[in-house]
Amino acid sequence: MSDLTKLTLSDALGGMAKGDFNSVELTEAHIKACEGAGKLNAFITDTHDLAREQAKASDARRASGSVGKLEGAPLGIKDLFCTEGVKTCAGSKILGDFQPPYESSVTANMKADGMVMLGKLNLDEFAMGSSNETSSYGPVINPWRKNEDLVPGGSSGGSASAVAADLCLGATATDTGGSIRQPASFTGTVGIKPTYGRCSRWGTVAFASSLDQAGPIAKTVKDSAILLESMSGYDPKDSTSIDAPVPDWVSACGASIKGLRIGIPKEYTIDGMPAEIEKLWQQGIEWLKAAGAEIVDVSLPHTKYALPAYYVVAPAEASSNLARYDGMRYGLRVEGENLADTYERTRTEGFGDEVRRRIMIGTYVLSAGYYDAYYLRAQKVRTKIADDFKAAWEKCDALLTPTCPSAPFAVGRKVNDPITMYLNDIFTVTANLAGLPGISVPAALDADGLPLGLQIIGRAMDEETVFKAASALETAAGFTAKPTKWW
Ligand code: GLN
């Protein structure tokens, strides 16, 4: 049998349906790949025995005629999703060996659809980061390499690295400011952040609740549609969950984009962007034009305020969400002289530098004297950014932009320079601030042979158009490169 780990999710599901192989065989092939990939540090927790059991049960279900959307597919789960009885630590020491007594709604949906879980994937601590270097479990390494170790992007670095290295057929991820799309761009994979409210946030460790959104990282646009269909859906347990049916996104993949109006926002041309990325963006325009789209110039005038607004709103919400880690109820506890001292010691030891930085910024911008100057103003900017998009939708149906202003960089290069690190999110945070769907599609290799992605952003609730345009881009780009195995 040829190497089953090279299959796409769609082909693997097809192969099992035809009886070419079963879930046990598919799962064993992926477990073997995971066992040989320790150097990537993509997984924090392996659940191989559980995966074997799930695969066996899946094969039995299939034999009895019951086949779910993800039936028998071995997948990876970002360690931000609570998984019942399986350690969930959000890449942080403060959660210790926390084993949730409940399952997140997203993973519960996937389980109900027959997934096999290979393990929990590494991430930046509490999903705060753009390089997967803030994890308490050490950095994830990008399978793409150039003389030195490169970051896979973050915060969903483990998810992206594992999918790019064929350790799993797809993975869950989350995106608060770009954490699905930027790692997808850095690893030659596809990542979609759906509309805010499409996927339930219940049971997903909270970072910034008004921005957090789950989505998949996958090998192809179609695979990402299959996964998102399973992950999405109304959930009464999350008050921001949208009560709308989940459309057939798989059918949107490959559909014609004739007459679709694609907007090119002029503010996304920034100083210092590598010429290669600028050129790829132009190429993307040509590809979509050739596929029948109409290209229109649009303006999103408040784009330059997006990053500063994000880095006020996200830390503010984080500082409030992270107040629950006090050493009393679960996770790490470092005993002190009295209650306040116990809180202080626990939080000092439990949180890493980046998380502490965010808590300090967040409490500062929310404090009585500065609330109006920072937090309130950032919220107003957020409204302006959402209004910019609303105006753009009068002229176009979707936007095309680069995903990131750079290719993957070396481990250690930006970790001590938070401002440079924050610039990674310049093209992705706007979609979070406005709650819009955005996808990154691998489009080319740069001169160093490293992957670069292009992004499509769509109207709220219009993932269908996003999938159509992304699929046209994928077909035109014909990106089939894979990293050379060195791990
Ligand atoms: N890099 C951004 C941050 O550090 C976004 C992270 C995310 O989307 N989770 O906040």
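Up top you'll find the structure we're talking about.
Conventions used here
- Numbering of residues begins from 1 in every chain and follows the order in which that chain's sequence is written.
- Only residues with pLDDT of 70 or above have their local features reported here, since the model is predicted, and side-chain atom pairs are shown and tallied only from 80 upward, although totals for entire chains, interfaces and linings are computed over all residues.
- Note that the side-chain values use all heavy atoms of the structure and ignore hydrogens as well as water.
- Put simply, DSSP H or I for four residues or longer makes a helix, DSSP E for two residues or longer makes a strand, and each gets a number counted from the N terminus.
- It is over C-alpha atoms that the radius of gyration is taken, and the globule rule equals 2.2 Å times the number of residues to the power 0.38.
- Burial status follows relative accessibility: with a 1.4 Å probe on protein chains alone, a residue under 20% of its type maximum counts as buried, one over 50% as exposed, and anything between as partly exposed.
- In this description, contact between two residues means that some pair of their heavy atoms is separated by no more than 4.5 Å.
- Only the protein chains shown count as covering a residue, and every accessible area follows the Shrake-Rupley method with a 1.4 Å probe.
- As used throughout, the charge tally considers Lys and Arg to be positive and Asp and Glu to be negative, leaving His and the chain termini uncounted.
- Charge positions come from single atoms, namely NZ of Lys, CZ of Arg, CG of Asp or CD of Glu.
- In these notes, residues near a molecule or strand are those with any non-hydrogen atom within 4 Å of it.
- Under the rule applied, a polar contact is a pair of N or O atoms within 3.5 Å (in protein, one hydrogen donor and one hydrogen acceptor; residues adjacent in sequence only if both atoms are side-chain atoms).
- Convention adopted: a line fitted to C-alpha atoms gives each axis, helices being fitted over their contacting stretch, and angles between N-to-C directions are expressed from 0 to 180 degrees.
- Convention used here: angles under 35 degrees read as roughly parallel, angles over 145 as roughly antiparallel, angles from 65 to 115 as roughly perpendicular, and any remaining angle as oblique.
- Note on convention: near helix rotated counterclockwise from far helix by under a right angle means a left-handed crossing. Clockwise means right-handed.
- Lys, Arg, Asp and Glu make up the charged group, whereas Ala, Val, Leu, Ile, Met, Phe, Trp, Tyr, Cys and Pro make up the nonpolar group; the residues left over, Gly among them, are polar.
- Only residues above 30% relative accessible area that lack a salt bridge enter a patch, with like-charged residues linked at up to 9 Å and the nonpolar side chains Val, Leu, Ile, Met, Phe, Trp and Tyr linked at up to 5 Å.
- By definition, a salt bridge exists where a carboxyl oxygen of Asp or Glu is found within 4 Å of a side-chain nitrogen of Lys or Arg.
- Note: two strands are recorded as paired if DSSP finds a minimum of 2 bridges between them.
- Look down the strands so they point away from you; if the path from the first strand over the helix to the second goes clockwise, the crossover is right-handed.
- For this text, the term disulfide refers to a pair of cysteine sulfurs within 2.5 Å.
- The pairing test for Phe, Tyr and Trp rings, Trp by its six-membered ring, is centres within 6.5 Å, and the orientation test on the planes gives stacked under 30 degrees, edge-to-face over 60, and tilted for anything in between.
- Two thresholds decide whether a charge sits over a ring: the Lys NZ or Arg CZ must be within 6 Å of the ring centre and within 35 degrees of the ring normal.

## Some thoughts on the overall build of the protein
Stage number 1. Counting secondary structure elements, the protein contains 16 helices and 11 strands.
Stage number 2. Expected size for 487 residues packed as a compact globule is a radius of gyration near 23 Å; at 21 Å, the protein falls within 12% of this value.
Stage number 3. Expressed as lengths along the three principal axes of its C-alpha atoms, the size of the protein is roughly 65 × 55 × 50 Å.
Stage number 4. When each of the 487 residues of the protein is scored for burial, the buried share is 60%.
Stage number 5. Long-range contacts, defined as pairs at least 24 residues apart, comprise 76% of the intrachain contacts of the protein with a sequence gap of at least 6.
Stage number 6. Put simply, the protein shows about 18000 Å² of open surface, and 52% of that area lies on carbon and sulfur atoms.
Stage number 7. Averaging the locations of the 49 positively and 59 negatively charged side chains of the protein gives two centres separated by 2 Å.

## Brief notes about the site of the ligand
Stage number 1. Lining the immediate environment of the ligand, one finds 15 residues, of which T176, G177, S179, Y310 and R358 sit closest.
Stage number 2. A127 is positioned such that a nitrogen or oxygen atom in its backbone is 2.8 Å from a nitrogen atom of the ligand.
Stage number 3. T176 places a main-chain nitrogen or oxygen 2.7 Å from an oxygen atom of the ligand.
Stage number 4. Isolated, the ligand exposes 290 Å² of accessible area, and the fraction of that covered by the protein chains is 100%.

## Points about the packing of helix α2 (residues 23-35) against helix α3 (residues 48-63)
Stage number 1. Here α2 crosses α3 at 165°, and the two axes come no closer than 8 Å. Between α2 and α3, the crossing angle belongs to the class labelled roughly antiparallel. Considering how the two elements wind past one another, α2 and α3 form a crossing that is right-handed. When α2 is examined against α3, the residues S23, V24, T27, E28, I31, C34 and E35 are found in contact with a partner set consisting of H48, A51, R52, A55, K56, S58 and D59.
Stage number 2. When the residues that make up the contact of α2 with α3 are grouped by side-chain class, the tally is five nonpolar, four polar and five charged.

## As for a nonpolar patch on the surface
Stage number 1. Judged by side-chain polarity, Y364, Y370 and Y374 come together as a nonpolar surface patch covering roughly 300 Å² of accessible area.
Stage number 2. Counting through the fold element by element, Y370 comes out in the loop between α12 (353-366) and α13 (371-392).

## Structural notes on the pairing of strand β7 (residues 261-265)
The side chains of a regular strand alternate, first on one face of the sheet and then on the other.
Stage number 1. Counting buried positions along β7 yields four of five residues, so the element is predominantly enclosed.
Stage number 2. Bridging between β7 and strand β8 (residues 294-298) involves five bridges; their strand directions are parallel. Directly across from I262, in β8, lies its bridge partner I295.
Stage number 3. In the classification by handedness, the crossover that spans β7, the intervening helix α9 (residues 275-290) and the parallel β8 is right-handed.
Stage number 4. Across two bridges, β7 lies against strand β9 (residues 398-402) in parallel orientation. In the strand pairing of β9, G263 is matched with L399.

## With respect to the environment of D248
Stage number 1. Along the polypeptide, D248 turns up in the loop between α7 (221-231) and α8 (249-252).
Stage number 2. Along the primary structure D248 and I426 are separated by 178 residues, whereas in three dimensions their C-alpha atoms are 31 Å apart.
Stage number 3. Reaching out from D248, the side chain makes a polar contact with the backbone nitrogen of V250 at a distance of 3.3 Å.
Stage number 4. A distance of 2.5 Å separates polar atoms of two side chains, one belonging to D248 and the other to S251.

## Remarks on the state of the cysteines
Stage number 1. In the structure shown here, the tally under the stated rule is zero disulfides.
Stage number 2. Left unpaired, C199 is separated from the closest cysteine sulfur, that of C253, by 15 Å.
Stage number 3. A disulfide-free cysteine, C404 has its sulfur positioned 20 Å from the sulfur of C168, the nearest such atom.
Stage number 4. Relative accessible area serves as the criterion here: at 2%, C404 is assigned to the buried category.

## As for the side chain of S241
Stage number 1. You can see S241 is positioned in the loop between α7 and α8.
Stage number 2. A residue is classified by how much of its surface remains accessible, and S241, at 9% relative accessible area, is buried.
Stage number 3. In this structure the side chain of S241 is engaged in a polar contact, spanning 2.8 Å, whose partner is the backbone nitrogen of D235.
Stage number 4. Apart from the residues within four sequence positions on either side, S241 is in contact with G197, G233, Y234 and D235.

## What about the packing of aromatic side chains?
Stage number 1. Under the defined criterion, the tally for this structure stands at 18 aromatic pairs.
Stage number 2. Judged by centre distance (6.5 Å) and plane angle (50°), the ring pair of W144 and F479 falls under tilted. Of this pair, W144 sits in the loop between β3 (116-121) and α5 (157-164) while F479 is found in the segment after α16 (463-477), placing the two residues 335 residues apart along the sequence. The exposure classification of W144 matches that of F479, with both residues buried.
Stage number 3. Between Y325 and Y330 the ring centres are 6.2 Å apart and the planes differ by 70°, which places this aromatic pair in the edge-to-face class.
Stage number 4. You can call Y325 buried: its relative accessible area is 5%.
Stage number 5. By way of ring pairs, the aromatic residues F98, F126, Y325, Y330 and F351 are connected into one cluster.
Stage number 6. One cation-aromatic arrangement involves K237 over W202; the distance from NZ or CZ to the ring centre is 4.3 Å.
Stage number 7. Its end group placed over the ring of F409, K414 keeps NZ or CZ at 4.2 Å from the ring centre.

## Focus on the pattern of salt bridges
Stage number 1. Following the criterion strictly, the structure yields 26 salt bridges and no others.
Stage number 2. In this structure, D97 and K87 form a salt bridge, with 3.3 Å as the shortest nitrogen-oxygen distance. Here D97 is found in the loop between β2 (74-78) and α4 (105-112), whereas its partner K87 is found in the loop between β2 and α4, with 10 residues between them in sequence.
Stage number 3. Using a relative accessible area of 58% as the deciding quantity, one classes D97 as exposed.
Stage number 4. Judged by its relative accessible area of 17%, K87 is buried.
Stage number 5. Through salt bridges with shared partners, a single ionic network connects D3, K6, D166, K219 and K482.

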